[in-house]
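Tertiary structure, described
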Amino acid sequence: MGVFNKLFGSKKKDTENSIKSDFHIVKVLQISKLTKESVKVTFDISNDAAPDFKFIPGQYIDVKLKLDGKEEIRSYSICSGLNEPLSIGIKKVEGGKVSTYINNCLKIGDDLSISIPRGNFKLNDPNKNYVAFAAGSGITPILSIAKEIAQSENGGLDLFYANKTADAIMFLEELHQLQSDKVRIHYSLSQEEKEGFIKGRFSQENIQKVIKNDLSLLKKEGYFICGPEEMIVNAEKVLKEFGVSGDKIHFELFTTPVLMKGNVTIDAILTEFSGISQVKVILDDEEFDFELATDGGTILNEAEAFGVDAPYSCRGGVCCTCKAKVIEGIVKMDANLALTDGEIKDGYVLSCQAHPASEKVVISYDE
Ligand code: FES
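What counts and how
- Every chain is numbered independently, its residues counted from 1 as its sequence is written.
- Local features in this predicted model are restricted to residues of pLDDT 70 or higher, and side-chain atom pairs are both shown and tallied only at a pLDDT of 80 or more, whereas totals for entire chains, interfaces and linings draw on every residue.
- We count a stretch as a helix when DSSP gives it H or I for four or more residues in a row; a strand needs E for two or more, and each element gets its number in order from the N terminus.
- Using C-beta atoms placed from the backbone, we call a residue buried if 20 or more other C-beta atoms fall within 10 Å of its own, exposed if 12 or fewer do, and partly exposed for counts in between.
- Expected helix span is computed as 1.5 Å times (number of residues minus one).
- How sure the predictor is of each residue is captured by pLDDT, a score from 0 to 100.
- Contact criterion: two residues are in contact if their C-beta atoms, reconstructed from the backbone, are within 7 Å.
- In this description, the arc belongs to the directions extending from the helix axis to the C-beta atoms.
- We call two strands paired when DSSP finds no fewer than two bridges between them.
- Helix axes are fitted only over the stretch in contact, all axes being lines through C-alpha atoms; the angle between N-to-C directions runs from 0 to 180 degrees.
- By definition, a nonpolar core groups buried Ala, Val, Leu, Ile, Met, Phe, Trp, Tyr and Cys residues that are joined through C-beta atoms within 7 Å.
- What sets the label is the angle itself: under 35 degrees gives roughly parallel, over 145 gives roughly antiparallel, 65 to 115 gives roughly perpendicular, and the rest give oblique.
- The hand of a helix crossing depends on one turn: near helix anticlockwise from the far one by less than a right angle means left-handed, and clockwise means right-handed.
- Under the scheme applied, nonpolar residues are Ala, Val, Leu, Ile, Met, Phe, Trp, Tyr, Cys and Pro; charged residues are Asp, Glu, Lys and Arg; polar residues are all the others, including Gly.

Here we come to the overall build of the chain. The secondary structure content of the chain amounts to eight helices and 19 strands. Per-residue burial for the chain yields a buried fraction of 43% across its 367 residues.

This is the structure in structure tokens:
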């Protein structure tokens, strides 16, 4: 999944400052092969830039590359612990330009443009007890979380990690080193039978079995779920059926949402208005006005068509990069898999999911 801040053009003088503050050019310090299809990339962050790269375990950074003359931005979760050099894990995605480039072509010593860390999927208190479900490359942010819990005084983690086959397990060595009374890792394989591994993928039935096997899992203080959408939906559903409250469940989606799209629309504001809305977008103190139908495209798409270099990454309501504040009017979102309830209360929306729902709408990327 993972997600790139101000990718703005050159319409204003202070645009360059925005770029500098959010993206830094850093050197690749190390590239380690994790599996046939994945690598860990470690960055050399200069002392000057180090304060900008402080992160909370669970967060991600954006990587910006120019490939075949086109700028590409992808989000990759941080896998390092707080006391380690900043690293991300990248699994090659079929047809994925950036992940393929990083896996096949990136070299030690190359310069790479990366954003400051971001994201709401994070471990705020390592001194609590947690359960995590991860599948495939979804282990990346969970590894960072696990490292922090392992170092804590009172925290604990039961991590359930699913893969198709044993040779697809990312970070196996680091996970082995973490295995302890504090961090208990349970592996499962869906396409292979192996001693010591649970058999099967994280279907609802298998997650139910895992929980029934150890009901103390239901008494933990937080649940992290990371991986493909179906697994997240399954784990969330089962946890809720067992009585776990939604505010304890945190998830990070590593694919574009399909199943969740319909039922995770948080911003369900009722409005009578339909028709053509007058939209104003504010970016770097510059104002852009255009008209947009309530049943038309998203504010992000229309703003781009109008020449606004608005920030974006996933375009799926997952990453938060396109976050903007509603200054005036009403905006409806198709989906929201990134903003917290607090952010929504404060008036933030994901512009890649936002449609005007009042006669006049003003949103700002500067707030
Ligand atoms: S671009 Fe990722 S949530 Fe909008």
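Let us keep going from here.
This next bit is on the environment of K107. Within the secondary structure, K107 is located in the loop between α2 (97-104) and β6 (111-115). Among the residues examined, K107 registers 7 C-beta atoms within 10 Å and is labelled exposed.

Here helix α3 (residues 139-151) spans 18 Å end to end across 13 residues, near enough to the 18 Å set by a 1.5 Å rise per residue. Across the 13 residues that make up α3, a large majority, eleven, are buried. For α3, the set of buried residues is I139, T140, P141, I142, L143, S144, I145, A146, K147, E148 and I149.

The next thing to look at is the confidence of the model for the chain. Detail in the predicted coordinates should be disregarded across regions flagged by low pLDDT. Here the chain averages 87 in pLDDT, and 89% of its residues register 70 or above. Model confidence for the chain, summarised as mean pLDDT per element, is weakest for helix α1 (residues 15-22) at 43 and strongest for strand β2 (residues 38-44) at 98. Taken as a whole, residues 1-21 scores under 50 in pLDDT and shows 57 contacts with residues more than four places along the chain or in a different chain. Counting interchain partners and residues more than four positions distant, the pLDDT-below-50 stretch residues 261-271 has 22 contacts.

Listed in full, the buried residues belonging to helix α5 (residues 204-213) are I207, V210 and I211. Seen from one end, α5 has its buried residues packed into an arc of 95°, which puts them on one side. Those residues of α5 that are exposed and angled more than 90 degrees off the buried face are E205, K212 and N213. On its buried face, α5 sits against β8 (156-163) and α6 (229-241).

Taken in spatial order, the six strands line up as β4-β3-β6-β1-β2-β5 in an open sheet, and their pairing is antiparallel. Of all strands in the sheet, those bounded by a partner on one side alone are β4 (70-77) and β5 (87-91). In this sheet, adjacent strand axes meet at a mean angle of 40° when their direction is disregarded. Pairing analysis gives five bridges linking strand β1 (residues 23-35) to β6, with the strands arranged antiparallel. Across the sheet, V26 pairs through a bridge with L112, a residue of β6. The strands that α2 touches are β2, β3 (60-67), β4 and β5; relative to β3, the one it contacts most, it runs at about 90°.

This paragraph deals with the nonpolar core. Soluble, globular proteins show a tendency: their nonpolar side chains are buried together. Residues A132 and I142 are the most contacted members of the largest nonpolar core, which totals 89 residues. Those residues in contact with I142 that sit more than four places away from it in its chain are A132, A134, L159, F224 and C226.

On to the packing of α5 against α6, then. Orientation of α5 relative to α6, taken along the N-to-C sense of each, is 45°, at an axis distance of 9 Å. One element, α5, and the other, α6, form an angle in the oblique class. When you trace α5 past α6, the crossing you get is right-handed. On the side of α5, the interface is formed by Q204, I207, Q208 and I211, while α6 contributes N234, A235, K237 and V238. Tallied by class, the residues present in the contact of α5 with α6 amount to four nonpolar, three polar and one charged.

Of note, the phi angle at D68 is positive, near 50°, even though the residue is not glycine. Along the chain, D68 falls in the loop between β3 and β4. Residue classification places D68 among the exposed positions, given that 6 C-beta atoms sit within 10 Å. Non-glycine residue R315 carries a positive phi angle of around 60°. Position of R315 relative to the elements: it lies in the loop between α7 (299-305) and β15 (323-328). For R315, a count of 17 C-beta atoms within 10 Å translates into the label partly exposed.

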